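Fold and contact review
This is what each chain is made of:
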Amino acid sequence: MQLRRREFGLLAAGALAAPYVVRAQPINLATLHEAARKEGELTWYTVPQTSEVAEKMGRTFSTRYPGVKVNVVRTTAQVAFQRLNQDLKAGTPNCDVFTSTDLAHYVDLKGRNLLLKYLPAAVARQDKRVQNMDPDAYFHASSCFMMGLIYNTQKVQAAAAPKSWNDLLDAKWSGAALVAHPAYSGAAGAWCIEMRKLFGEGWFAKLAAAKAHVSRSTIDAVTTVISGEASISAGPMSLAARSASRGNPVATLAPKEGPVLILSPSAIMANTRRPNASRLFMEWLLGSEDTERISVEEFSVPLRANAKPAPGVLGLSDASPLLAPTPPQMVAQIPKVIELWRDAFGV
C-alpha cells in the first residue's frame, strides 16, 4: 500500500475499520501514581528501541514517578513474542507492558483475550493520524520509525548511493548489502511485505543471488554498515541519523518508492499483576513531554501533535510517498514472506 499524506490517516485512525471510536476518560495522574507506588515496579518487554534508549526511558519514567521501577527487557520482535507466549503457557505473568514492531502480535493477542482494554488519556495528545490504532482500545501506537536506505559514507559517495529499493540488487553492491530476517524482526517483516508488493515474489531470490548478508535485527543494519562490514542496508532511518550525529560514518535517504513506516504498538497484558503501574507507564509512554524530548534527542519520530523531529529526520508529514502494511496485511502476509525468504536464502 502506498500512502500519500492525505491517505496516511486511513492507516492509523481506521486500521481495523471500526464503526466507532472509544473515548478516554479523564485521569488523575497523582492518584494513579500513588496506586502504582504500592505495586512498586513493572516489567516492559520492548522491541523498537536499542537497549541503551530503552534503559534511558525506564530511568526517565522512574525519575518522573519515584517509587515505580521499570524492568526493561529488550529483544527482537519474534524473540519477544516467543518469550511472551512461553510466559503465558507457563502461567507466569512476567510482562506487564508489551511493545513490539509487529502489528500481527497484537491482533493475535487481542483475539485470544490476552490484552487489557485501556485507552490512555494521553492518546488525545498524539497526532490524530496515529490515534485509535485499535478502535477497541486494546493497543495503541507508542512509537514509529521509517525504514530507508543506509550507507557507509567512507565507502560510498552520496552521488553513488542507492536511490531505489531495487538498487539493492545492483551488481555493484554484490556481497556488500545487508538486510534483516523477517522471521526475527517485525520491522523486516513489514519491509518484506512492501518489497513483495513493489517487485513481486521473485525479488527475494534476486536479493539472495546478489549475496546480501542477513542479520536478525534491523538495528544490525545500521551497526554493520558503520563497522564497514556492509556498505549499504535497509534499516531504521532514525537510528542511522542518531549514529551520524555522534560522528559515525553513516547516512540515510528515502528511496524513490518511499520509506516503509513501522508503527510500534504498546499494550497492557490482561494478566498483569501491576495494573496501576502499567496504566501509569502507558500514560507516560504515549503522550508525555519526556517521551517527546527523548524522541527528538534520539532522532526518532515524535507522535505528539505538532511535535517536530530532530533536523534531518523525516516526520509523519514529510515522507511522500510512504509505504505501510495494514494490520490485516501483517497478519496474513508475514508467514508468506518468511517462507519466500527461507526459500531464497536457505535460512
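In this text the structure is predicted, and so the values were computed from the model without any measurement. Counting of residues starts from 1 at the beginning of each chain's written sequence and follows it residue by residue. Thresholds applied to this predicted model are a pLDDT of at least 70 for local features of residues and 80 or more for the giving and counting of side-chain atom pairs; totals over whole chains, interfaces and linings are not thresholded and use all residues. Note: side-chain values were computed over all heavy atoms of the structure, leaving out hydrogens and water.

Quick look at helix α4 (residues 77-90)
Spacing of three or four residues puts side chains on the same side of an α-helix, whose turn is 3.6 residues. What counts is decided by this rule: By definition, any uninterrupted DSSP run of H or I lasting at least four residues is a helix, any uninterrupted run of E lasting at least two residues is a strand, and each is numbered from the N terminus. How far a helix is expected to stretch is found by multiplying one less than its residue total by 1.5 Å. To sort residues, take the accessible area from a 1.4 Å probe on protein chains only and compare it with the maximum for the residue type: under 20% means buried, over 50% means exposed, and anything in between is partly exposed. A contact between two residues is defined here by any heavy atoms of the two lying within 4.5 Å.
With 14 residues, α4 extends 20 Å from end C-alpha to end C-alpha; this agrees with the ideal 20 Å at 1.5 Å per step. Taken residue by residue, α4 has A77, Q78, A80, F81, L84 and D87 as its buried positions. For α4, the secondary structure elements touched by its buried residues are β2 (41-46), β4 (97-99), α5 (103-111), α6 (186-199) and β11 (260-269). With its phi angle positive at about 70°, G91 sits one or two positions after the end of α4.

Here's the deal with the packing of aromatic side chains
Using the following cut-off: Aromatic contacts are taken between Phe, Tyr and Trp rings whose centres are within 6.5 Å, Trp giving its six-membered ring; a plane angle under 30 degrees counts as stacked, one over 60 as edge-to-face, and the others as tilted. Comment: the charge-over-ring label is applied if NZ (Lys) or CZ (Arg) is within 6 Å of the ring centre and within 35 degrees of the ring normal.
Per the counting criterion, the structure on display carries 13 aromatic pairs. Judged by centre distance (5.1 Å) and plane angle (80°), the rings of F61 and F281 are edge-to-face. Here F61 is found in helix α3 (residues 51-64), whereas its partner F281 is found in helix α10 (residues 275-287), with 220 residues between them in sequence. Accessibility classification places F61 together with F281 in one group, the buried group. Seen in terms of ring centroids, Y106 and F139 are 5.4 Å apart; in terms of plane orientation they differ by 40°. Their pairing is tilted. With Y106 in helix α5 and F139 in the loop between β5 (115-116) and β6 (140-152), this residue pair connects regions lying 33 residues apart in the sequence. Note on F139: relative accessible area 1%, which makes it buried. Within the aromatic cluster, the residues linked to one another by ring pairs are W165, W191, F199, W203, F204, W341 and F345. For the cation-ring pair, R279 lies above Y118, with the distance from its terminal atom to the ring centre recorded as 5.6 Å.

Some thoughts on the packing of α10 against helix α11 (residues 289-297)
Heads up, the rule is: Each axis is a line fitted through C-alpha atoms, taken for helices only over the stretch in contact, and angles between the N-to-C directions span 0 to 180 degrees. Here is the rule for angles: anything less than 35 degrees is roughly parallel, anything more than 145 is roughly antiparallel, 65 through 115 is roughly perpendicular, and the remaining ranges are oblique. Each crossing gets its hand from how the near helix is turned against the far one by less than a right angle, where anticlockwise is left-handed and clockwise is right-handed. In this classification, Asp, Glu, Lys and Arg are treated as charged, Ala, Val, Leu, Ile, Met, Phe, Trp, Tyr, Cys and Pro as nonpolar, and every other residue, Gly included, as polar.
Taken N-terminus to C-terminus, the directions of α10 and α11 make an angle of 45°; their axes are 5 Å apart at the nearest point. For the element pair α10 / α11, the angle class is oblique. The chirality of how α10 crosses α11 is right-handed. Across the interface between the two elements, W284, L285 and G287 from α10 touch E289, D290 and T291 from α11. Residue classes in the contact of α10 with α11 are distributed as two nonpolar, two polar and two charged.

Brief notes about the side chain of Q78
Our working rule: Any pair of nitrogen or oxygen atoms within 3.5 Å is treated as a polar contact; in protein, a donor-acceptor pairing is required on top of that, and neighbouring residues in sequence qualify only through side-chain atoms on both sides.
On the secondary structure map, Q78 appears in helix α4. A polar contact of 3.2 Å, which involves the side chain of Q78, links it to the side chain of H105. Residues contacting Q78, with those up to four places away along its chain left out, are D102, H105, P182, A183, Y184, S185 and G186.

Brief notes about the packing of α3 against α10
Contact geometry for α3 and α10: axes closest at 11 Å, N-to-C directions at 110°. Our classification of the angle between α3 and α10 gives roughly perpendicular. In this structure, α3 crosses over α10, and the sense of that crossing is right-handed. Note on element contacts: α10 touches α3 through L280, F281, W284 and L285, opposite M57, T60, F61 and R64. When the residues that make up the contact of α3 with α10 are grouped by side-chain class, the tally is six nonpolar, one polar and one charged.

Some points on unusual backbone geometry
Residues S320 and P321 are joined by a peptide bond in cis, for which omega reads 0°. Take P321: it is sitting in the loop between α11 and β12 (322-323). Although it is not a glycine, K211 adopts a positive phi angle of roughly 60°. The topology assignment puts K211 in the loop between α7 (203-209) and β8 (213-215). A positive phi angle is found at N306, which is not glycine, with a value near 70°. Tracing the sequence through the fold places N306 in the loop between α11 and β12.

Regarding the pattern of salt bridges
To keep things clear, this is the line we draw: For this document, the term salt bridge refers to a Lys or Arg side-chain nitrogen within 4 Å of an Asp or Glu carboxyl oxygen.
Enumeration over the complete set of coordinates arrives at 17 salt bridges. Taking the shortest distance from any N to any O, the salt bridge between D96 and R274 comes out at 2.8 Å. With D96 in the loop between α4 and β4 and R274 in the loop between β11 and α10, the pair connects residues that are 178 residues apart, well separated along the chain. Note that E194 is salt-bridged to K197, the shortest N-O span being 2.8 Å. Of this pair, E194 and K197 both sit in helix α6, three residues apart, roughly one helical turn. When its relative accessible area of 1% is taken as the criterion, E194 is described as buried. Where salt bridges share partners, they join E52, K56, R64, R242, R246, D290, R293, E297 and E298 into one cluster.

Describing the confidence of the model for the protein
Under the convention used in this document: For every residue, the predictor assigns a confidence score, pLDDT, that lies between 0 and 100.
On average, residues of the protein score 90 in pLDDT, and 93% of them reach the 70 mark or higher. Every residue in residues 1-21 scores below 50 in pLDDT, and together they form 59 contacts with partners more than four places removed in sequence or on other chains.

Comments concerning α5
Restricting attention to buried positions, one finds in α5 the residues L103, A104, H105, Y106, L109 and K110. The inward-facing, buried residues of α5 contact α4, β4, β5, β11 and α12 (327-345). By the N-cap criterion, in which a side-chain oxygen at the helix start approaches the backbone nitrogen of a residue two or three places on, α5 is capped by D102, the distance to A104 being 2.9 Å. Positive phi appears at N113, one or two residues downstream of α5, with a value of about 60°.

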